[in-house]
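Structure assessment
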Amino acid sequence: ETGHFTYDPGFLSTASCRSSITYIDGEKGELLYRGYPIEQLAEQCSFIEVAYLLRNGELPTKTELEDFDNRVRRHNMLHDQMNRFFTGFRRDAHPMAVMVGVVGALSAFYHDVLDFSDAEHRTVSFIRLVAKMPTIVAMAYKYNVGQPFMYPRNDLGYAANFLHMMFGTPCEKYEPNPVLVRAMDVIFTLHADHEQNASTSTVRLAGSSGANPFACISAGIACLWGPAHGGANEACLRMLEEIGDVSRVGEYIERAKDKNDPFKLMGFGHRVYKNYDPRAKLMRQICHEVLQELGLENDRLFKLAMALEKIALEDEYFVEKKLYPNVDFYSGIVQRAIGIPTSMFTCIFALARTVGWFTQWEEMITDPEYKIGRPRQLYVGAPRRDVVPLDARG
Ligand code: SDX
């Protein structure tokens, strides 16, 4: 019993920690941030509001939100010397490699707030990370395509400013489309936190040694990069391009079921959800709205994805294994429609998840009972034996 939710004893033995941030009921397909259903947050709140909620535990009042939003806007620039980190990479470097390097390097710039027993130091670090991640992601994109970096605009909201830094150029004023702005904001919210997933567990384990949050979040970015985790949206779009046509869906469904074939249906299945990932439903809705706004209702890949989902959900293997679309199944299609290149999808996932990573890190280091993480192992190696001198080893 944890007050509101009950767990069976078997589950408790697998739990890595106690947390009050995010609750997932995998059987029901339910996701709550600080008790609020993700559906209501996506519908009624901005990402900045959700970021405040996740970190502070309560939704902000109007005044609190204005103050938080203003502080974020005034921290969205990067130290000018950090530009050199970007120019040190090859132009064709994967943007996630750039993110790991640049975010980790933030530790080298902010010695003024490294006393994490001080709540204000933690607040300043949180605001700096939330504010600078969009700037870093957009700079990684601009560097990749050979365009000049765009400075943030403090007259724009968080998502609009991100799209401005991504797609604006010094040559003409860029006014983000409100439908795309809302879509971006919801995409950030849907990716903000997800309890103890692989990358969050990485951040917690790194932080348990007392490492600073910038370095811990750089470790989280590295873990998220993997195709089984945050890299799945990029892999899912490549899979849809490879399938190419509804007539070939059956062939790939059979491959996904074949234990001798390493192929997995990208964007399908989940370690926790054994029902529809609520984020996937919201992402499909956002996808539909963006495609409609852009006159792409007949988008080939969207139609292919919906056909694939329908066929898979009627297949007894997927039904029996409880495999449903997850957050990554539609997120690539909507980001591609907005104009974001495939290689940037996981960077955007990392941008949003920085809120959850920081919040989970802070929950851990402010827990008086926390200790450095030290998982044990089951040793299955050689028994005790003596060294044979080199010239006697044959
Ligand atoms: C994210 O943890 C999080 O919360 C992560 C995340 C977050 O917000 O942080 O939600 C983000 O990482 C979402 C997941 C993105 N990854 C993908 O979409 C990649 C494709 N999915 C698979 O790699 C897989 O579903 C995993 C890795 C996500 C989960 O794999 P598991 O742990 O094997 O899942 P399972 O135990 O439910 O699988 C049951 C069976 C297994 O077969 P058997 O061992 O029973 O014979 O279903 C099979 C699996 O092999 N299976 C699949 C499959 N996913 C699971 N078979 C075909 N296609 C798939 N996609």
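Residues numbered from 1 in each chain as written. Predicted model: local features only at pLDDT ≥ 70, side-chain atom pairs only at ≥ 80, totals over all residues. Heavy atoms only, no water.

As for the nonpolar core
Core analysis: the biggest nonpolar cluster contains 121 residues, and Phe-162, Met-184, Phe-188, Leu-265 and Ile-338 have the highest contact counts within it. The element that contributes the greatest number of residues to this core is helix 7 (residues 119-145), accounting for 14 residues. (Core = buried A, V, L, I, M, F, W, Y, C linked by side-chain atoms within 4.5 Å. Buried < 20%, exposed > 50% of the residue type's maximum accessible area, 1.4 Å probe, protein only. Helix = DSSP H or I, 4+ residues; strand = E, 2+ residues; numbered from the N terminus.)

Some points on empty space enclosed by the protein
Tallying each qualifying case throughout the model produces two cavities of 30 Å³ or more. Its volume calculated, the largest cavity comes out at about 110 Å³. Lining the largest cavity are 14 residues, with Val-72, Arg-73, Asn-76, Tyr-158 and Asn-161 positioned closest to its centre. Every element with two or more residues in the lining of the largest cavity is listed here: helix 4 (62-73), helix 7 and helix 8 (158-167). Broken down by class, the residue content of the lining of the largest cavity amounts to six nonpolar, five polar and three charged. (1 Å grid on protein atoms, 1.4 Å probe; cavity = no way out; pocket = protein on both sides within 12 Å on 5 of 7 lines; lining within 4 Å. Points joined across faces, edges and corners; volume = space filled by probe spheres on them. Nonpolar A, V, L, I, M, F, W, Y, C, P; charged D, E, K, R; others polar.)

Thoughts on the sheet that holds strand 1 (residues 22-25)
Reading across the sheet, the three strands line up as 1-2-3 and stay open at both edges, with antiparallel pairing between neighbours. Lying at the two open borders of the sheet, with one neighbouring strand each, are strand 1 and strand 3 (36-37). As judged from the four bridges shared by strand 1 and strand 2 (residues 30-33), these two strands associate in the antiparallel manner. Pairing of Asp-25 across the sheet is with Glu-30, part of strand 2. (Pairing = 2+ DSSP bridges.)

Concerning the site of the ligand
As a matter of local geometry, the ligand sits amid 24 residues, with His-194, His-270, Arg-271, Lys-274 and Arg-279 nearest to it. Here an oxygen atom of the ligand sits 3.0 Å away from a polar atom, N or O, in the side chain of His-229. In the model, an oxygen atom of the ligand is placed 3.0 Å from a nitrogen or oxygen of the Lys-321 side chain. Computed on the free molecule, the ligand has an accessible area of 1000 Å², of which 79% lies beneath the protein chains in the complex. (Near = heavy atom within 4 Å. Polar contact = N/O pair within 3.5 Å; in protein donor to acceptor, adjacent residues only side chain to side chain. Areas by Shrake-Rupley, 256 points an atom, 1.4 Å probe, with all protein chains shown as cover.)

Details of helix 13 (residues 249-257)
Regarding helix 13, the residues found buried are Val-249, Tyr-252, Ile-253 and Ala-256. Projected down its long axis, helix 13 shows its buried positions confined to an angular sector of 105°, all on one face. Those residues of helix 13 hidden inside the fold are in contact with helix 12 (232-243), helix 15 (300-313) and helix 16 (316-320). (Arc of directions from axis to C-beta. Contact = heavy atoms within 4.5 Å.)

Description of the pairing of strand 1
Of the two faces of strand 1, the one lined by Thr-22 and Ile-24 and the one lined by Tyr-23 and Asp-25 are each fully buried. In this structure, the hairpin formed by strand 1 and strand 2 is closed by a connection of four residues, where Gly-29 is found at a positive phi of approximately 70°.

Some words on the environment of Glu-58
For Glu-58, the location among the structural elements is in the loop between helix 3 (47-56) and helix 4. Between the alpha carbons of Glu-58 and Arg-34 there is a distance of 7.4 Å; along the sequence they are 24 residues apart. Those residues within four positions of Glu-58 in sequence are excluded, and the remaining contacts are Tyr-36, Tyr-52 and Leu-53.

Some words on the environment of Arg-204
When you line up the elements, Arg-204 lands in helix 10 (residues 198-207). Since its relative accessible area comes to 9%, Arg-204 is described here as buried. The spatial distance from the C-alpha of Arg-204 to the C-alpha of Phe-302 is 36 Å, given a sequence separation of 98 residues. For Arg-204, the contacting residues outside a window of four places in its chain are Cys-17, Arg-18, Ser-19, Gln-196, Gln-360, Glu-363 and Met-364.

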